Amino acid sequence: MAGSVLFDAPGPKTVARHRLYALLTYLGLAGLVALFVWRMHDRGQLDYERYWEVFVTPAYVEVLLTGLLDTLQMAAAAIVLAVAFGLAFGVGKLSEHRWLRWPSWLVVEFFRAVPVIILMIFLASAFSYGDGPLSRFWCVVIALLLYNGAVLAEVFRAGINAVPRGQVEAAYALGMRKSQVMAQIQLPQAVKTMLPALISQCVVALKDTSLGTIIVAPGLTYVFDKITGEFRNHVAAALVITAMYVTVNLLLTALATWVQRRYVGEKRPVAFDPGQGGVVPLTTGEDAGRS
Amino acid sequence: MEAVFSDFDEYLKAFGLTLLLFVVSGAASLVLGLFLAALRVGPVSIMRRAAALYVIMFRNTPLLMIFVFMMFAMPRLGVTFLFVEEVRIGDWNPSAFFTRASLALTLYTSAFVCEAFRSGINAVPLGQAEAARSIGLTFGQSMRLVVLPQAGRAVIPPLTSVQVALLKNTSVAAAFGMAEAAYYMRTSLNNHADQRPEIFLMIAIGYVVLVELVTLSSYALERRWKVA
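Residues numbered from 1 in each chain as written. Chains lettered and ligands numbered in written order. Predicted model: local features only at pLDDT ≥ 70, side-chain atom pairs only at ≥ 80, totals over all residues. Heavy atoms only, no water.

Side note on the overall build of chain B
Next, step 1: Scanning chain B from N- to C-terminus turns up nine helices and zero strands.
Next, step 2: Across the 228 residues that make up chain B, the buried fraction comes to 51%.
Next, step 3: Pairs at least 24 residues apart make up 76% of the contacts formed inside chain B by residues separated by at least 6 positions.
Next, step 4: Here chain B has roughly 10300 Å² of accessible surface; of this, 66% comes from carbon and sulfur atoms.
Next, step 5: For chain B, the centre of its 18 positive side-chain charges and the centre of its 14 negative side-chain charges are spaced 17 Å apart. (Helix = DSSP H or I, 4+ residues; strand = E, 2+ residues; numbered from the N terminus. Buried < 20%, exposed > 50% of the residue type's maximum accessible area, 1.4 Å probe, protein only. Contact = heavy atoms within 4.5 Å. Areas by Shrake-Rupley, 256 points an atom, 1.4 Å probe, with all protein chains shown as cover. Lys, Arg positive; Asp, Glu negative; His and termini not counted. Charge placed at Lys NZ, Arg CZ, Asp CG, Glu CD.)

Things to note about the side chain of B:Arg118
Residues and elements named next belong to chain B.
Next, step 1: Tracing the sequence through the fold places Arg118 in helix 5 (residues 96-123).
Next, step 2: Note on Arg118: relative accessible area 19%, which makes it buried.
Next, step 3: The contact partners of Arg118, leaving out residues within four places of it in the chain, are Ala37, Arg40 and Val41.

Some words on the packing of helix 3 (residues 58-93) of chain A against helix 9 (residues 220-231) of chain A
All names here are of chain A.
Next, step 1: Viewed as axis vectors pointing N to C, helix 3 and helix 9 meet at an angle of 155 degrees, and their least axial separation amounts to 7 Å. By the angle between their axes, helix 3 is roughly antiparallel relative to helix 9. Within the contact between the two elements, helix 3 uses Tyr60, Val63, Leu64, Gly67, Leu68 and Thr71 and helix 9 uses Leu220, Val223, Ile227, Glu230 and Phe231.
Next, step 2: Its residues assigned to classes, the contact of helix 3 with helix 9 comprises eight nonpolar, two polar and one charged. (Axes fitted to C-alpha atoms, helices over the stretch in contact; angles between N-to-C directions. Parallel < 35°, antiparallel > 145°, perpendicular 65-115°, else oblique. Nonpolar A, V, L, I, M, F, W, Y, C, P; charged D, E, K, R; others polar.)

Details of the interface of chain A and chain B
Next, step 1: Each partner contributes to the interface: chain A provides 62 residues, whereas chain B provides 63 residues.
Next, step 2: With both chains or domains summed, chain A and chain B bury close to 5600 Å², and 71% of this area falls on carbon and sulfur atoms.
Next, step 3: Here chain A is connected to chain B by zero salt bridges.
Next, step 4: At the boundary of chain A with chain B, the tally comes to seven residue pairs in polar contact (both at pLDDT 80 or more). (Buried area = accessible area lost by both parts, 1.4 Å probe. Salt bridge = Lys/Arg side-chain N within 4 Å of Asp/Glu carboxyl O. Polar contact = N/O pair within 3.5 Å; in protein donor to acceptor, adjacent residues only side chain to side chain.)

What about the confidence of the model for chain B?
As a note on interpretation, predicted positions should not be read in detail where pLDDT is low.
Next, step 1: The predicted model of chain B has a mean per-residue pLDDT of 89, with 98% of residues at 70 or higher.
Next, step 2: Put simply, helix 1 (residues 2-6) of chain B is where chain B has its lowest mean pLDDT, 70, and helix 3 (residues 45-60) of chain B is where it has its highest, 93. (pLDDT = per-residue confidence, 0-100.)

Some thoughts on unusual backbone geometry
All names here are of chain A.
Next, step 1: Positioned with a positive phi, Val216 is a non-glycine residue whose angle comes to about 55 degrees.
Next, step 2: Relative to the helices and strands, Val216 is located in the loop between helix 8 (178-208) and helix 9.
Next, step 3: Unlike most non-glycine residues, Arg232 shows phi in positive territory, near 55 degrees.
Next, step 4: Mapped onto the elements, Arg232 comes out in the loop between helix 9 and helix 10 (234-264).
Next, step 5: According to the relative accessible area criterion, Arg232 is partly exposed, its value standing at 46%.

Description of helix 5 (residues 116-127) of chain A
Residue and element names in this part refer to chain A.
Next, step 1: Under the 1.5 Å per step criterion, the end-to-end length of helix 5 is 16 Å for 12 residues, consistent within 8% with the ideal 16 Å.
Next, step 2: Of all 12 residues in helix 5, 10 are buried; the element is thus mostly enclosed.
Next, step 3: Among all positions of helix 5, only Val116, Ile117, Ile118, Leu119, Met120, Ile121, Phe122, Leu123, Ala124 and Ser125 are buried. (Expected span 1.5 Å × (residues − 1).)

Thoughts on the packing of aromatic side chains
Next, step 1: Under the criterion given, the structure shown has 16 aromatic pairs over all chains.
Next, step 2: Taken together, a centroid distance of 5.3 Å and an interplanar angle of 80 degrees make the contact between A:Tyr60 and A:Phe231 edge-to-face. With A:Tyr60 in helix 3 and A:Phe231 in helix 9, this pair connects stretches of sequence that are 171 residues apart.
Next, step 3: Look at A:Phe231 and you get partly exposed, because its relative accessible area is 24%.
Next, step 4: Judged by centre distance (6.0 Å) and plane angle (50 degrees), the ring pair of B:Phe81 and B:Phe83 falls under tilted.
Next, step 5: Taking relative accessible area as the criterion, B:Phe81 reaches 16% and is therefore assigned buried.
Next, step 6: Judged by its relative accessible area of 56%, B:Phe83 falls in the exposed class.
Next, step 7: Here a set of aromatic residues connected by ring pairs shows up, and it is made of B:Phe8, B:Tyr11, B:Phe15, B:Tyr184 and B:Tyr207.
Next, step 8: Over the face of the ring belonging to A:Trp102 we find A:Arg98, whose NZ or CZ atom lies 5.6 Å from the ring centre. (Phe/Tyr/Trp six-rings, centres within 6.5 Å; stacked < 30°, edge-to-face > 60°. Lys NZ or Arg CZ within 6 Å of the ring centre and 35° of its normal.)

Observations regarding helix 8 of chain A
Next, step 1: Its 31 residues place the ends of helix 8 of chain A only 37 Å apart at the C-alpha level, less than the 45 Å of an ideal helix rising 1.5 Å per residue.
Next, step 2: The axis of helix 8 of chain A is deflected most strongly, by about 50 degrees, at A:Met194, and proline A:Pro196 appears within four residues downstream. (Bend = angle between axes of the 7 residues up to and from the residue.)

Focus on the side chain of B:Thr160
Next, step 1: Within the secondary structure, B:Thr160 is located in helix 7 (residues 139-169).
Next, step 2: With residues up to four places along the chain from it excluded, the contact list for B:Thr160 reads B:Val214, B:Thr215 and B:Ser218.

Some thoughts on the nonpolar core
Next, step 1: A:Ile118, B:Phe67 and B:Met185 are the most contacted members of the largest nonpolar core, which totals 115 residues.
Next, step 2: Not counting residues within four places of it along the chain, the set of residues in contact with B:Phe67 comprises B:Phe72, B:Ala101, B:Ala104, B:Leu105, B:Val172, B:Ala173 and B:Phe176. (Core = buried A, V, L, I, M, F, W, Y, C linked by side-chain atoms within 4.5 Å.)

Some details on the pattern of salt bridges
Residue and element names in this part refer to chain A.
Next, step 1: Under the definition given, this model contains nine salt bridges over all chains.
Next, step 2: One salt bridge in this structure joins Lys178 and Glu96, with 3.2 Å as the shortest N-O distance. Residue Lys178 is found in helix 8, and its partner Glu96 is found in the loop between helix 3 and helix 4 (98-113); the two are separated by 82 residues along the sequence.
Next, step 3: For Glu96, a relative accessible area of 58% gives the class exposed.

What follows is the structure in structure tokens.
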């Protein structure tokens, strides 16, 4: 909704008032930044050699990049597997057979409501601590796969339901079988509208890999623990690691926007809305704050 | 099962803390998120941009890193929130630790609350505002009588998903030693290695029940505010 509809073009007094607000905002923001920098300086956190030099030391840069690679690998593995999981259970929820539909529903609802972190703790303590068969890496991947798969199942279901009914009827009229209609008519059209939701789910998965810290899994947060353990530079390290996460996420978001323009065009893509259990239009790649 | 039922008090206490974190940071994030949304739809462009920057930054940062800032980095900058320990609300007085945890959750969730509110306002058709203006309502009147009531209804479903996500995100506090449900599960898994699946299931069911409570109350609200 255009804001301009709600009020008249501002007159001279309003313009002056808005300038004042703008000025106050600038001052406030500058004050915040100044306060932060002064605090950093005051507490000696700006000490380059003690706290910051590690981030340009080649050996440690390599550690950081290894951590980033681990994080990306975990997120990528989780998303790829989650797509398979989501596809299976999303189609399962749409099945005409009750014995398939209800278990699918139960699995999806369960993993959507359970926090990822307790899945991780449980997996690690049951299968990894001591000499369990799973590495911490896979504990994180499996936990993320279950959660994101459950969310994607709903995305798939919503996407399939959004394919116009006439398409399905036309396919049946041509004599296609149920599985053919799903595989050749419904899914290809659904996938197109779901791409942006899929990519924003990648951001969610990437952010959630950080939770692996609770089971001492590899990744950027593990690197954070190691570096701060050695240099006690919590402020500097938190800033650097956060910047790395944010950069990767922004790149993913940019990719989502590009994909949406390129492949989806003007049609509004669908996203699953967990609160409503239905389809909502997705405009800016919004996820609902899943950590 | 008996591992949980033998100290059921502890179980309830852990979920009590989860719920307390959720309620405090949920309420605070609604306030901060509404404020940010107001900045984002307002007429002053620098405010719009500042709020947008906030949303982008906090949405793309893992919650865990915000916790790290609150728990490890801020104390090193001399920000400890120790003063809240002086405050007493009835029998309960908040610890600095609890305050920092809820602040981390609040800062993170507000970004999503802001987006939910903004999408709610955007969901009101343009014609509604135009009609309100054309029958001579002022800005305040058209907001109060026409736009906001409709936006309020449209905002419930996305807000519910944000709050459900917050409820689950409270579990991140366990990684920093807050003795809520996830933390309780971790200690209890260590103490009763033979009953792991049961303990996990009990905690999971606790979360499912809380999530369902939030979702059902939102349905009730939605039905109540619905216009035929």
